[in-house]
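Observations on the three-dimensional arrangement
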Amino acid sequence: MLFLGTEKYPKVGEFQSYISQHGGTNNAWTGTEHTCFFFDVTPNAFENALDRFSQFFTAPLFNEEALDKERQAVDSEYKLKLNDDSRRLYQVNKEVINPDHPFSKFSVGNLDTLGDRDGKSIRDEIVEFHHSQYSADLMTLTLFGPQSLDAQQVWVEAMFANIPNHHLRGKSIDVPISTKESTGILVQVEPIKEFRKLILTFPMPGMDKHYGVKPLSYFAHLLGYEGEGSLMLQLKNEGWITSLSAGGGASGSNYRDFTVSCTLTPQGLNHVDDIIQAVFQYLSMIKQDGLDEWRYLEKQAVLESAFRFQEPSRPMDLVSHLVINMQHYQPDDTIYGDYKMAGYDEQLQRSLLQYLTIDNVRVTLIAKG
């Protein structure tokens with residue numbers, strides 16, 4: 001809706017047309033707690049493109065005539081994903097968590113959820129949402145271009161200064177994502193495509209404040225190890241799995257899922273309990289003998305090497321990544337924060353073991369039949 005004209009540039013599609021005519025592209029995405037808008041363009045058109053871009057956040061029109069077209073576009077995207085197994089699993093996770101937590105809400109949109117209600121146009125809700133949530137103190141901005149830093153700063157101050165500040169910084173979610181009903185359970189999902197997967201999910205509090213230490217990366221490093229004596233090799237040699245990964249999961253300001261995910265063989269479907277038992281036996285071994293600084297330093301060295309020898313990114317990929325890092329990290333860590341492991345904290349590591357238990361796990365089995 002923001003792309004549908006502004007007070008200064010009222011023509012619908014004017015921004016996209018300008019970007020396209022000057023060799024660029026533009027897009028946007030919405031995650032669980034953030035929306036990111038980004039574009040690239042030839043350097044000599046950067047200033048004019050940035051002026052058009054800034055108007056989305058200072059004076060959008062929310063063109064009512066183009067509203068239905070956008071609604072149809074969102075509905076089409078929703079229908080396109082109905083048979084996408086990853087999207088279906090994402091929605092299943094929303095169904096089994098605390099229904100009072102914002103993450104449980106429907107995350108896309110269709111003709112029903114975006115329809116007019118009680119004689120009022122959905123446009124009224126959109127305008128109100130923009131007014132209440134698009135606040136300068138919640139926003140971050142990243143620029144990349146050949147112009148000097150001084151020149152870019154002048155542009156930003158002139159073009160973005162009029163974004164209203166509703167003083168929303170520090171807002172938080174106090175509702176827990178997990179309840180007794182959402183852990184200690186088995187969820188069985190029948191996929192559209194033919195594949196078999198076992199996922200153990202351990203809900204935890206938000207981890208943003210620990211980004212500089214990355215305690216969960218330590219556990220992921222141990223559980224996801226593929227060498228001699230590893231959990232993966234043990235289960236693979238039994239013929240039960242073909243791969244194992246650990247660490248990834250849904251995350252937000254007050255929650256972080258830690259997962260252990262196994263791709264199962266047909267034989268593995270008959271040994272789900274054995275696989276789960278093996279995971280908890282391995283966790284028990286970590287609790288007893290696996291907390292050592294040298295293991296942390298090993299993972300630290302891997303990330304440090306990844307930072308030093310990373311491949312150059314496309315400018316648009318770089319700015320859209322860094323602008324989100326600015327939401328999570330201290331200013332000095334905007335570039336380095338993804339790789340930073342400042343030091344081993346055994347007390348912190350041990351405190352997180354309380355979440356890696358049988359009482360705090362949700363088991364998801366994905367398989368045909």
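Residues numbered from 1 in each chain as written. Predicted model: local features only at pLDDT ≥ 70, side-chain atom pairs only at ≥ 80, totals over all residues. Heavy atoms only, no water.

1. Considering the environment of Gln-153
Tracing the backbone through its elements, the reader meets Gln-153 in helix α6 (residues 149-160). The spacing of Gln-153 and Met-1 is 152 residues in sequence and 27 Å in space, taken between C-alpha atoms. (Helix = DSSP H or I, 4+ residues; strand = E, 2+ residues; numbered from the N terminus.)

2. Let's talk about the packing of helix α1 (residues 14-21) against helix α2 (residues 46-58)
For any two helices packed against each other, one specifies the inter-axial angle together with the distance between the axes. For the pair α1 and α2, interaxial distance at closest approach is 10 Å and the crossing angle is 155 degrees. Compared by their axis directions, α1 and α2 come out roughly antiparallel. Crossing geometry of α1 relative to α2 is assigned as left-handed. Seen from α1, the contacting residues are Glu-14, Phe-15, Tyr-18 and Ile-19; seen from α2, they are Asn-48, Ala-49, Arg-52, Phe-53 and Phe-56. Looking at the contact of α1 with α2 residue by residue, the classes come out as six nonpolar, one polar and two charged. (Axes fitted to C-alpha atoms, helices over the stretch in contact; angles between N-to-C directions. Parallel < 35°, antiparallel > 145°, perpendicular 65-115°, else oblique. Left-handed = near helix turned anticlockwise from the far one by under 90°. Contact = heavy atoms within 4.5 Å. Nonpolar A, V, L, I, M, F, W, Y, C, P; charged D, E, K, R; others polar.)

3. Some points on the nonpolar core
Counting 44 residues, the largest nonpolar core has Leu-198, Leu-200, Phe-202, Phe-219, Ile-241 and Phe-258 as the members making the most contacts within it. For this core, the element with the most residues is helix α9 (residues 272-289), which contributes nine residues. If we skip the residues at most four places from it in the chain, Ile-241 touches Met-232, Leu-235, Lys-236, Cys-262, Thr-263, Leu-264, Thr-265 and Ile-275. (Core = buried A, V, L, I, M, F, W, Y, C linked by side-chain atoms within 4.5 Å. Buried < 20%, exposed > 50% of the residue type's maximum accessible area, 1.4 Å probe, protein only.)

4. Points about the packing of aromatic side chains
Summed over the entire model, instances satisfying the criterion amount to 27 aromatic pairs. Consider the rings of Phe-37 and Tyr-134, whose centres lie 6.5 Å apart with planes at 55 degrees: the pair is tilted. Of this pair, Phe-37 sits in strand β2 (residues 35-40) while Tyr-134 sits in the loop between α5 (122-133) and α6, and the two are 97 residues apart along the sequence. Assigned by exposure class, Phe-37 and Tyr-134 land together as buried. The interplanar angle of 70 degrees and the centroid separation of 6.5 Å between the aromatic rings of Phe-129 and Tyr-134 together place this pair among those described as edge-to-face. Residue Phe-129 is classed as partly exposed on the basis of its relative accessible area, which comes to 49%. (Phe/Tyr/Trp six-rings, centres within 6.5 Å; stacked < 30°, edge-to-face > 60°.)

5. Comments concerning the pairing of strand β8 (residues 362-366)
Taking burial as the measure, the five residues of β8 include five buried ones, the bulk of the element. Of the two faces of β8, the one holding Arg-362, Thr-364 and Ile-366 and the one holding Val-363 and Leu-365 are both buried throughout. Two elements, strand β4 (residues 197-204) and β8, share five bridges in a ladder whose sense is antiparallel. Across the sheet, residue Leu-200 finds its bridge partner in β8, namely Val-363. (Pairing = 2+ DSSP bridges.)

6. Topic: the side chain of Gln-152
Its place among the elements puts Gln-152 in helix α6. Classification of Gln-152 as buried rests on a relative accessible area of 8%. Polar side-chain contacts of Gln-152 include one of 3.1 Å to the backbone oxygen of Gln-147. Apart from residues lying up to four places away in sequence, Gln-152 is in contact with Leu-143, Phe-144, Gly-145 and Gln-147. (Polar contact = N/O pair within 3.5 Å; in protein donor to acceptor, adjacent residues only side chain to side chain.)

7. Overview of the side chain of Gln-349
Mapping Gln-349 onto the fold places it in helix α12 (residues 346-352). Taking the relative accessible area as the measure of exposure, Gln-349 reaches 0% and is therefore buried. Here Pro-215 takes part through its backbone oxygen, which lies 3.2 Å from a polar atom of the side chain of Gln-349. With near-sequence residues (within four places) excluded, Gln-349 lies in contact with Pro-215, Tyr-218, Phe-219, Leu-291, Tyr-296 and Tyr-344.

8. Some remarks on the pattern of salt bridges
Within the structure shown, the criterion is met by 12 salt bridges. A salt bridge links Glu-125 to Arg-117, with the shortest nitrogen-to-oxygen separation between them at 2.9 Å. Accessibility expressed as a relative area gives 34% for Arg-117, which makes it partly exposed. A salt bridge links Lys-340 to Asp-333; its shortest N-O distance comes to 3.1 Å. Looking at Lys-340, the relative accessible area reads 23%, which means it is partly exposed. One salt-bridge network, held together by shared partners, links Asp-68, Arg-71 and Asp-116. (Salt bridge = Lys/Arg side-chain N within 4 Å of Asp/Glu carboxyl O.)

9. Thoughts on the environment of Val-189
Among the secondary structure elements, Val-189 is positioned in strand β3 (residues 185-189). Considered as a pair, Val-189 and Ile-275 are 86 residues apart in the sequence and their alpha carbons are 18 Å apart. Once residues within four sequence positions are removed from consideration, Val-189 is found in contact with Leu-89, Val-92, Thr-364, Leu-365, Ile-366 and Ala-367.

10. Let's talk about helix α4 (residues 85-96)
In a regular helix each residue adds 1.5 Å, so 12 residues correspond to 16 Å; α4 covers 17 Å between its end C-alpha atoms and thus fits that length. Among all positions of α4, only Asp-85, Leu-89, Lys-94 and Val-96 are buried. The elements touched by buried residues of α4 are β3, β4 and β8. (Expected span 1.5 Å × (residues − 1).)

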